[in-house]
Amino acid sequence: MLELSDILEAHERVRETSRHTPLEHSHTYSSMTGADIRLKLENFQRTGAFKIRGATNRIATLSEAQKDAGVVTASAGNHAQGVALAATRSGVDSKIVMPEHAPISKVKATKNYGAKVVLSGRDYNEAAERAHEIEREEDRTYVHAFDDEDIMAGQGTIGLEILEDCPEVETVVVPIGGGGLISGIATAIKEQKPDTRVIGVQAEGASSAAASLEKGERISLDGVDTIADGIATRSVGERTFPHIQQYVDEVVTVSDPEIAVALVYLLERSKTLVEGAGAVPLAAVLFEAFDYDEDEVIVPALCGGNIDLNTLTNVVVRGLVETGRYLKIRTVLKDRPGALEDLLDIFTAHRANIYAIHHDRTSREVEMSDTEVEIELEMRGPDHVDAFLSDLRDAGYEVDILA
């Protein structure tokens, strides 16, 4: 089992490569929740995520022969960049296997840090199978993304920083994919301040840890489906699971729409960009996935900020939809002069701002005397949306909500 001494040793190894990231009080989220929210901004870490910590510690422990042979790993993106940079800084050749649909931005960044990238598999698990083949074929050392005590110890240095910067912390909220991050942080926290709660959070579409704890043994999901690609693993690790069982007080889940809302809030209110996995801890707080007290000091660990711009666009739109800021509707009008103007009079009365409008007379889904209209709108919140739709329907329009 990982011990505090391992994390303290890792801290000495990684301090020159990794950054001591900020921990900042948030008036916005404290006001929204009633708790005292302090954000651990690990998205400001080198390579944009916490993974550089564990990768640096693991590569520092390699023998000279292992360094000469090189390393290989599998990753959806953040671990890939961490290993690539840590290996390059140590003069070690690295080969990274990434899922075929890994975000382009993460693939490019991994190459820029000096690694050779191989795209293989539908997800992390299939990429890992190919990486282990390369391990055997080329006699490289496999650097696991999470199921390795040196990796866990490196990630645990975040826990040391949280306690140093916020000794009064009462609850730490950490995302869970394979479990390396939470195992390290929880060990660092609980071994020094055992009364501090550690809450793990998973996406509903990749909730192997929650199911494993409920069953009392590790389970593997048939597949994963979430916008939080950084924690989209089918199972927690063999080595991480005992640490989760021993040190983590509770594991909860959040939905993709809740993750999207948290990401949008961080962008708009905090001017902070995170990826899906980075928004998961704040989503758990905002949507009360676990119980907490008034003024409780809570530290959500925002673990990374490497989000693909195409993904970001989709997530932002979904977040705006969920918060009533964006609305896309479809309705049918009589194909006659003035019909569209009559509809737009209701828009004007509600001050609903039009992003785009598509007027289609050729749709096969309507009568030849009718025309189909799709309209994208900027709205001011759920109450505004409800009042607007109510008036449209009262005026006799049949409205389909498309987004």
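Our subject is the structure listed above.
About the thresholds
- Residues numbered from 1 in each chain as written.
- Predicted model: local features only at pLDDT ≥ 70, side-chain atom pairs only at ≥ 80, totals over all residues.
- Heavy atoms only, no water.
- Helix = DSSP H or I, 4+ residues; strand = E, 2+ residues; numbered from the N terminus.
- Rg over C-alpha atoms; globule rule 2.2 N^0.38 Å.
- Buried < 20%, exposed > 50% of the residue type's maximum accessible area, 1.4 Å probe, protein only.
- Areas by Shrake-Rupley, 256 points an atom, 1.4 Å probe, with all protein chains shown as cover.
- Lys, Arg positive; Asp, Glu negative; His and termini not counted.
- Charge placed at Lys NZ, Arg CZ, Asp CG, Glu CD.
- Phe/Tyr/Trp six-rings, centres within 6.5 Å; stacked < 30°, edge-to-face > 60°.
- Pairing = 2+ DSSP bridges.
- Arc of directions from axis to C-beta.
- Contact = heavy atoms within 4.5 Å.
- Salt bridge = Lys/Arg side-chain N within 4 Å of Asp/Glu carboxyl O.
- Axes fitted to C-alpha atoms, helices over the stretch in contact; angles between N-to-C directions.

A. The arrangement of the overall build of the protein in detail. Assigned secondary structure in the protein consists of 17 helices and 14 strands. Here the C-alpha atoms of the protein give a radius of gyration of 24 Å, agreeing with the 22 Å that 2.2 N^0.38 yields for 403 residues. The buried share of the protein, taken over its 403 residues, is 56%. For the protein, the accessible area works out to roughly 17,500 Å², and carbon and sulfur atoms hold 43% of it. Averaging the coordinates of the 40 positive side-chain charges in the protein and doing the same for the 70 negative ones gives two points 6 Å apart.

B. Inspection of the packing of aromatic side chains at higher detail. Per the counting criterion, the structure on display carries 3 aromatic pairs. For the ring pair Phe-347 and Phe-388, a centre distance of 5.1 Å and an interplane angle of 70 degrees mean the geometry is edge-to-face. Placement of Phe-347 in helix H16 (residues 339-350) and of Phe-388 in helix H17 (residues 382-394) is noted, with a sequence separation of 41 residues between them. Phe-388 carries the same exposure label as Phe-347, and that label is buried.

C. Structural context of the pairing of strand S11 (residues 326-334). Bridge count between S11 and strand S13 (residues 370-378): 9 bridges; the pairing is antiparallel. For Ile-329, the partnering residue across the bridge sits in S13 and is Ile-375. One ladder, built from 2 bridges, connects S11 with strand S14 (residues 400-401); its direction is antiparallel. If you follow Ile-329 over to S14, its bridge partner there is Ile-401.

D. Region of interest: helix H11 (residues 208-215). Taken together, the buried positions of H11 are occupied by Ser-208, Ala-209 and Ser-212. The buried residues of H11 all sit within an arc of 95 degrees when viewed along its axis, so they share a single face. Looking at the buried side of H11, the elements it contacts are strand S8 (197-203), helix H12 (240-247) and strand S9 (250-254). Phi turns positive one or two residues past the end of H11, at Gly-216, with a value near 85 degrees.

E. Quick peek at H16. Buried residues of H16: Ala-339, Leu-343, Ile-346, Phe-347 and His-350, and no others. Viewed end-on, H16 has its buried residues packed into an arc of 100 degrees, placing them on one side of the element. Along H16, the residues that are exposed and aim more than 90 degrees away from the buried face are Glu-341, Thr-348 and Ala-349. Check the buried side of H16 and you find it contacts S11, strand S12 (353-360), S13 and H17. Positioned one or two residues after H16, Arg-351 has a phi angle of 55 degrees, which is positive.

F. Inspection of the pattern of salt bridges at higher detail. One pass over the full model with this rule turns up 30 salt bridges. The closest approach of N and O atoms between Glu-126 and Arg-122, which form a salt bridge, is 2.4 Å. Residue Arg-122 is classed as exposed on the basis of its relative accessible area, which comes to 60%. In this structure, Glu-138 and Arg-140 form a salt bridge, with 2.6 Å as the shortest nitrogen-oxygen distance. Each of Asp-93, Lys-95, Lys-116, Glu-138 and Arg-140 takes part in one network of salt bridges that share partners.

G. Representation of the sheet that holds strand S4 (residues 94-98) in the model. Strand order in this open sheet of 4 strands is S5-S4-S3-S6, and the pairing throughout is parallel. Strands at the two margins of the open sheet, each flanked by one partner only, are strand S5 (116-119) and strand S6 (141-142). Pairing between S4 and S5: 4 bridges, direction parallel. Bridge pairing in S5 places Val-97 opposite Val-118. Sheet strands in contact with helix H7 (residues 124-138) are strand S3 (71-74), S4, S5 and S6, and its direction is about 165 degrees off that of S3.

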